[in-house]
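Per-entry structural report
Each chain is listed here by its residues.
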Amino acid sequence: MILASQSPRRLELMQSMGIDPQVMPADIVEICREDEKPLALVKRLAQEKAISVCYKLMEQPNFEQLNNEIVLAADTIVWTDDGEVFGGEVFGKPINVEDAKYMLSKLSGRTHHVSTGVALRRFKAFKSPSPGGAPSVVAVAFVETTDVTFFELSEDEIAAYVTSGEPMDKAGAYGIQGNG
C-alpha cells in the first residue's frame, strides 16, 4: 500500500492497524474552485492526490512491479456553514502565524465541521481507460464529517497555542489529538 500523504498522523494511524505503507506525498495545488462546496472540495482534493501519486508511480524504474498497488490519499478541511447549506468559510492549513490566529479566533466559541475526503485507487502499470487516461482505477472515494465545538478562547490562549507551533501544519490551525 502507498500512502499519498506526508502526514505523520495518517502514517501513525495506518501503522497502528498493522499497515506499513510506502509514503509518497502527492504534489497538487490545493485550491477551492469557484462555487465549490466544502464536501465536494475535500473529496476532489483526495482524488487528485491519489491520481497524482499514480502518475509518480509510472515514473518509477520498477513501475511494472507496482501493478495493483493500492494508493490511499486523504485531505482534511475545517469549515463553517454560517447559516448556508454546505457553504461558509473553509480553513485549510494556515499559511502563517496570523492566519492561524485568525482561524482559531473564527472557530472560538462555536461549532464547526471537520471533513476528510478519502480516495483509494488501484495503480495500473499502463494507461487505463479511466478519466484523463490516469494510470489507475477508482476503488473508493468518500467524505466523513465530524462536528466540533470549541469553548471560547482568549487572545492569550490563541497566541500561546500558535506559539507552540502545533497549529501550523493542520487544517483549521488545530489538532484535536494534540494540545489543541
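Since the structure is predicted, the reported quantities are computational estimates derived from the model, not experimental observations. (Residues numbered from 1 in each chain as written. Predicted model: local features only at pLDDT ≥ 70, side-chain atom pairs only at ≥ 80, totals over all residues. Heavy atoms only, no water.)

**Here's the deal with the layout of surface pockets**
Considering only enclosed or pocket space, the largest pocket measures out at about 1,300 Å³ in volume. As for the largest pocket, its lining consists of 42 residues, of which S7, R10, D75, T76 and T116 are closest to the centre. Secondary structure elements with two or more residues in the lining of the largest pocket: α1 (8-16), α2 (38-58), β3 (70-79), β5 (111-123) and β6 (136-149). Counted by class, the lining of the largest pocket contains 24 nonpolar, nine polar and nine charged residues. Of the voids in this model, the second largest pocket is the one considered here, and its volume is about 180 Å³. Forming the boundary of the second largest pocket are L104, T149, F150, F151, L153, E157, I158, Y161, Y174, N179 and G180. Looking at the lining of the second largest pocket element by element, the count peaks at three residues for helix α4 (residues 155-163). Residue composition of the lining of the second largest pocket, grouped by class: seven nonpolar, three polar and one charged. (1 Å grid on protein atoms, 1.4 Å probe; cavity = no way out; pocket = protein on both sides within 12 Å on 5 of 7 lines; lining within 4 Å. Points joined across faces, edges and corners; volume = space filled by probe spheres on them. Helix = DSSP H or I, 4+ residues; strand = E, 2+ residues; numbered from the N terminus. Nonpolar A, V, L, I, M, F, W, Y, C, P; charged D, E, K, R; others polar.)

**A word on the side chain of H113**
On the secondary structure map, H113 appears in strand β5. One polar contact links H113 to D81, side chain to side chain, over a distance of 3.3 Å. Apart from the residues within four sequence positions on either side, H113 is in contact with I77, V78, W79, T80, D81, T145, T146 and D147. (Polar contact = N/O pair within 3.5 Å; in protein donor to acceptor, adjacent residues only side chain to side chain. Contact = heavy atoms within 4.5 Å.)

**Structural notes on α4**
Along α4, the positions that sit buried rather than exposed are I158, Y161 and V162. Seen end-on, α4 carries its buried residues on one side only, within an arc spanning 100°. Set apart from the buried face of α4 by more than 90 degrees, the exposed residues are D156, A160 and T163. The inward-facing, buried residues of α4 abut α3 (97-107). Remark: G165 follows α4 within two positions and exhibits a positive phi of approximately 85°. (Buried < 20%, exposed > 50% of the residue type's maximum accessible area, 1.4 Å probe, protein only. Arc of directions from axis to C-beta.)

**Brief notes about unusual backbone geometry**
Backbone geometry places N68, a non-glycine residue, at a positive phi of 75°. Inspection of the secondary structure assignment puts N68 in the loop between α2 and β3. Of the residues examined, N68 reaches a relative accessible area of 34% and is grouped as partly exposed. Look at A173: it is not a glycine, yet its phi comes out positive at around 70°. For A173, the location among the structural elements is in the segment after α4.

**A look at the packing of α3 against α4**
Put simply, α3 and α4 touch, their axes get as near as 10 Å, and they point 135° apart. Judged on the interaxial angle alone, α4 and α3 are oblique. As for the relative orientation of α3 and α4, their crossing is right-handed in sense. Every residue of α4 that contacts α3 at V97, A100, K101, L104 and S105 is listed here: I158, A159, Y161 and V162. Taken together, the residues of the contact of α3 with α4 sort by class into seven nonpolar, one polar and one charged. (Axes fitted to C-alpha atoms, helices over the stretch in contact; angles between N-to-C directions. Parallel < 35°, antiparallel > 145°, perpendicular 65-115°, else oblique. Left-handed = near helix turned anticlockwise from the far one by under 90°.)

Nothing here speaks to function; it is all geometry.
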